[in-house]
Amino acid sequence: MENFVNHALIKENTIESRQYQEDIVSSVLEKGNSLVVAPTALGKTILAVVIGVKRIEKFPESKILILAPTRPLALQHQKSFFRFTKVKEEEICCITGTIKPKERQKMFENSKIICSTPQCIANDVKKGLISLENVSLCVFDEAHRAIGNYSYVFVSKNYSETAKNPLVVALTASPGWEKEKIQKIADNLFIKNIEVRTHKDEDVREYVKEINVEYVPVDLPKEFNEIILLFKQYLAEKAAELHRMGVSHTDNLNFFSRKNLLVLQKKVSRNLAIRGRRQPSLFAAASKIAAMMNVMHSLILIETQGIDSLNKYFFRLEQKILNKEATKAVKGLMNDDRIKKAVQLTEKLKREGIEHPKIQKLKDILEDYLANNPNSRVLVFNHYRDSITNVYLHLKDSKIIKAREFVGQADKGTVKGMTQNEQSETILKFRQGEYNVLLATSVAEEGLDIPSCDLVILFEPVPSEIRTIQRRGRTGRLDEGKVIILMAKGTRDEAYYWIAHHKEKKMHKILSGMQKDAAFDEESEIKPKAAKDKQTKLFEFK
C-alpha cells in the first residue's frame, strides 16, 4: 500500500512518502543550511515544499522564499505549492521582472510563499522595497549558479545578515567537478551540511528510471581532411610563435585548447594593462591568440557540425571585413593563404552537397525510432544555432519527423531568437504532439518546463559535466529513458565526451569526500582539504 506524506499544510494523498526524502528533510532541519545534490526526477522540488511547510509550522508568521534562475522555473515552483499545499493560492505568488517594482513589493508583503527570480529580489532589497527579515526558508534552485556576481550571492549574504530565523536549502543536480568551485558555492550560500544522492544509492534505486546511453560513431568524409589539415598547420605555426615569444610554456598543439587560449588571452591582457604600448610584442601576441581562437572554432565546426556551419562562420568573418568591423586578427587570418584555401574548399563542398554524416545518421535514427514509437517525444540537443537550422532543413521533408527549432530569446547575428511566448507555445505543441522532435540549444538544458522525453539525442558531446547531466536528465523521469550520443571518430567529440565523463566521476568523488569529511561539525561550515589539482603553469613575460 502506498504511503503519503501526512502534514496539516499538505493536501492528502498528493506526496508519496519516500524514505530518502524524509532523511534529507530531517538532516536539513537538524543541521541547518544544506546543499542537496541529487539527479533530476528524484524530487528536489518536493523537498522545497515539505521543508517549506515545516518552517511555516514552526514560524507561523514567517515567509518562504523560493529562488529559481528563470521565470518558467519560478512558475513551476509556484505550481508545486498550488498542487501540494493547503496554503491559500492568493498567498502563493510568483515575482519576475515582467512585474513593476511597486507591484512586486505588494505581492511580497501579502504572500506567504514567494517564488521569484533572484534578480528581482536582489534589486528590491537594494532599493529598500522589501526585507528578508521574516523569511524562515530561502531555497536556491540550480544552486551551481551561486558564484561570481550572480544575484544568488548577494541575496544569500543579505539573508544571512537580516533574517531572524534563517535556513538555506540549495538544490542542484551538479555543483561542478572542481573542489574550489564547490567550496565557493558552499561559502557563498553559508552551507553547513551536504546531502548527496546518486542513481546507485540503495534508498533511491527503486525510484530511479533506467537511462540507457548509446554511442553512435560516424566517420568524417575524406573531403574534410584537407580543410582540417590546413587548420592544424595554421594552429601549429602560431603555437610555435607564441612559444618562442615566451607567452606559452610549450608549442605542443594539444595544449592549445580553447580553455587554455582564454587563459593566455587574460594573461596578455593583464600585461597590456600594466605595460601598454611600451611592449609592442604584447599586441602581436594578443592578435595571434585571437586568430588561433577563430581557427580553433572553425576546426570544431567542421569536425562536429559540418560544412554548412563552417561556411556560415567564414561568411560572417568576411562580412566583418567588408563592413570595416574586423579586428587586425581577423583581417590577417582571412588573408592567410591556408585559410583562403580552406574557404574555397568549404564553398566547393557546400556546392557539392557534402555534409557531416551526423545529419543523415540523425535522420535515420529519428525515422526508425518514431516509426516504432509514434507517440514518443524526442529532444535533440545541438550547441550551435546555425547547425540547428541546417539540421531542420534536412528533416523538414520527412513524413514521420515533425521537428521544430527551439532556441533562446537573444538574437545571434542574423538568427532571430524566440520570444518567451513563442517558447511557451512551442513547448505546449510539443507536449500535445503537434511536434514530436525539438531541435534545441542549451536553452532546453535547464529553466524551461519541457516535458520528459522518451529519447534524448546529443548531436555532439559537451565538455561540461553540469550540461551533460542536465541534458541526460530530460529523459527517464517517468519511464525508462534513452540517450543517444553522436560522435565523429577521432575528433573533439571523443575528447569532449571523456572530459565530461571524468569530470562527473570526479564530482561524485569530491562530494562523497566532503559529505564524510570530519570538518563537517555542528559549529563550522564545509572546509574540505585544499585541492591538489594541477594548475596550468605559464611562463611570465620578461
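Note that the structure is predicted; figures quoted are calculated from it, not measured. (Residues numbered from 1 in each chain as written. Predicted model: local features only at pLDDT ≥ 70, side-chain atom pairs only at ≥ 80, totals over all residues. Heavy atoms only, no water.)

Undergrad: Got a minute to help me understand the environment of Asn33 in this structure?
TA: Position of Asn33 relative to the elements: it lies in the loop between α1 (19-31) and β1 (34-37). In this structure Asn33 comes out as buried when scored by relative accessible area, which is 12%. Sequence spacing of Asn33 and Gly43 is 10 residues, and the spatial spacing of their C-alpha atoms is 19 Å. If near-sequence neighbours (up to four positions away) are discounted, Asn33 is found in contact with Pro166, Leu167, Val168, Leu189, Phe190, Ile191, Lys192 and Asn193. A distance of 2.9 Å separates a polar side-chain atom of Asn33 from the backbone oxygen of Phe190. (Helix = DSSP H or I, 4+ residues; strand = E, 2+ residues; numbered from the N terminus. Buried < 20%, exposed > 50% of the residue type's maximum accessible area, 1.4 Å probe, protein only. Contact = heavy atoms within 4.5 Å. Polar contact = N/O pair within 3.5 Å; in protein donor to acceptor, adjacent residues only side chain to side chain.)

Undergrad: Looking at this model, I keep getting lost on the environment of Arg492. Mind explaining?
TA: Here Arg492 lies in helix α19 (residues 492-516). Arg492 sits 191 residues away from Leu301 along the chain, and the two C-alpha atoms are 10.0 Å apart. Those residues in contact with Arg492, other than ones at most four positions away along the chain, are Met296, Leu299, Ile300 and Glu303.

Undergrad: Which parts of the structure should I look at to understand the nonpolar core?
TA: In globular proteins that are soluble, nonpolar side chains generally tend to be buried together. Ranked by internal contacts, the top residues of the largest apolar core, which has 47 residues, are Ile227, Phe231, Ile302 and Ile339. For this core, the elements supplying multiple residues, two or more each, are α9 (222-244), α10 (258-275), α11 (280-304), α12 (307-322), α13 (328-334) and α14 (337-352). With 11 residues, α11 is the largest single contributor of residues to this core. Ignoring sequence-local partners within four residues, the contact set of Ile227 consists of Ile302, Ile307, Leu310, Ala342, Leu345, Thr346 and Leu349. Counting residues in hydrophobic clusters, the runner-up holds 43 residues, among them Leu67, Ala173, Ile182 and Leu189. (Core = buried A, V, L, I, M, F, W, Y, C linked by side-chain atoms within 4.5 Å.)

Undergrad: Even after reading the chapter, I still don't get the sheet that holds strand β6 (residues 168-172), so can you show me in this structure?
TA: In a beta sheet, neighbouring strands pair by backbone hydrogen bonds and run either parallel or antiparallel. Pairing within the open sheet is parallel, and its 7 strands lie in the order β3-β4-β2-β5-β6-β1-β7. Each of the sheet's edge strands pairs with one partner strand only, and the pair in question is β3 (92-95) and β7 (193-196). Strand-to-strand twist of the sheet, defined as the mean angle between neighbouring strand axes without regard to direction, takes the value 15°. When β1 meets β7, the two strands line up parallel, connected through 4 bridges. Bridged to Ser34 within β7 is Asn193. Its contacts with the sheet place helix α2 (residues 44-58) against β1, β2 (63-67), β4 (113-116), β5 (135-141) and β6, and it is angled at close to 175° to β5. (Pairing = 2+ DSSP bridges. Axes fitted to C-alpha atoms, helices over the stretch in contact; angles between N-to-C directions.)

Undergrad: Teacher, can you tell me more about the sheet that holds strand β11 (residues 437-440) here?
TA: With parallel pairing, the 6 strands of this open sheet are ordered in space as β8-β13-β12-β9-β11-β10. Each edge of the open sheet is held by one strand with a lone partner, namely β8 (211-218) and β10 (403-406). Between one strand axis and the next, the sheet turns by 20° as a mean value, whatever way the strands run. Judged from the 4 bridges that link them, strand β12 (residues 455-458) and strand β13 (residues 481-488) form a sheet pairing that is parallel. Paired with Leu455 across the two strands is Lys482, which belongs to β13.

Undergrad: Just checking my understanding: could you explain α11 for this structure?
TA: Between its first and last C-alpha, α11 extends 37 Å over 25 residues, near the 36 Å set by a 1.5 Å rise per residue. For α11, the buried fraction is high: 18 of the 25 residues fall into the buried class. Looking one or two residues beyond α11, the residue adopting positive phi is Gly306, at roughly 125°. (Expected span 1.5 Å × (residues − 1).)

Undergrad: Explanation requested: helix α6 (residues 151-162) in the structure shown.
TA: Since one α-helical turn is 3.6 residues long, residues separated by three or four positions face the same way. The terminal C-alpha atoms of α6, which comprises 12 residues, lie 16 Å apart, in line with the 16 Å expected from a rise of 1.5 Å per residue. Those residues of α6 lying buried are Ser151, Tyr152, Val153, Val155, Ser156, Asn158 and Tyr159. If you follow the buried residues of α6, they end up packed against β2, α5 (118-126), β5, β6 and α7 (179-188).

Undergrad: Even after reading the chapter, I still don't get the side chain of Gln183, so can you show me in this structure?
TA: As for its position among the elements, Gln183 is in helix α7. Among the polar contacts listed, one links the side chain of Gln183 to the side chain of Asp187, at a separation of 2.7 Å.

Undergrad: Before we go on, may I ask you to explain the confidence of the model for the chain in this structure?
TA: When pLDDT drops low, the exact placement of atoms in the prediction is not to be read closely. Of all residues in the chain, 91% attain a pLDDT of 70 or more, and the chain-wide mean is 87. Below a pLDDT of 50 lies the segment residues 518-542, which in the model reaches 56 contacts outside its immediate sequence neighbourhood of four places, other chains included. (pLDDT = per-residue confidence, 0-100.)

Undergrad: Before we go on, may I ask you to explain the environment of Ile388 in this structure?
TA: Position of Ile388 among the secondary structure elements: in helix α16 (residues 385-395). Assessed through its relative accessible area of 1%, Ile388 is described here as buried. Ile388 sits 52 residues away from Ala440 along the chain, and the two C-alpha atoms are 7.4 Å apart. Leaving out residues up to four positions away in the same chain, Ile388 has contacts with Asn382, Glu405, Leu439, Ala440 and Thr441.

Undergrad: What am I meant to see in the pattern of salt bridges here?
TA: Two side chains that carry opposite charge are able to pair once their charged atoms sit near each other. What the rule picks out here adds up to 23 salt bridges. One salt bridge connects Lys341 with Glu226, and the closest N-O pair in it is separated by 3.2 Å. Taken together, the positions of Lys341 in helix α14 and Glu226 in helix α9 put the pair 115 residues apart, joining distant regions of the chain. For Lys341, a relative accessible area of 39% puts it in the partly exposed group. Residue class for Glu226 comes out partly exposed when judged on its relative accessible area of 38%. Through salt bridges with shared partners, one network takes in Glu237, Lys238, Glu241, Lys288, Asp336 and Arg338. (Salt bridge = Lys/Arg side-chain N within 4 Å of Asp/Glu carboxyl O.)

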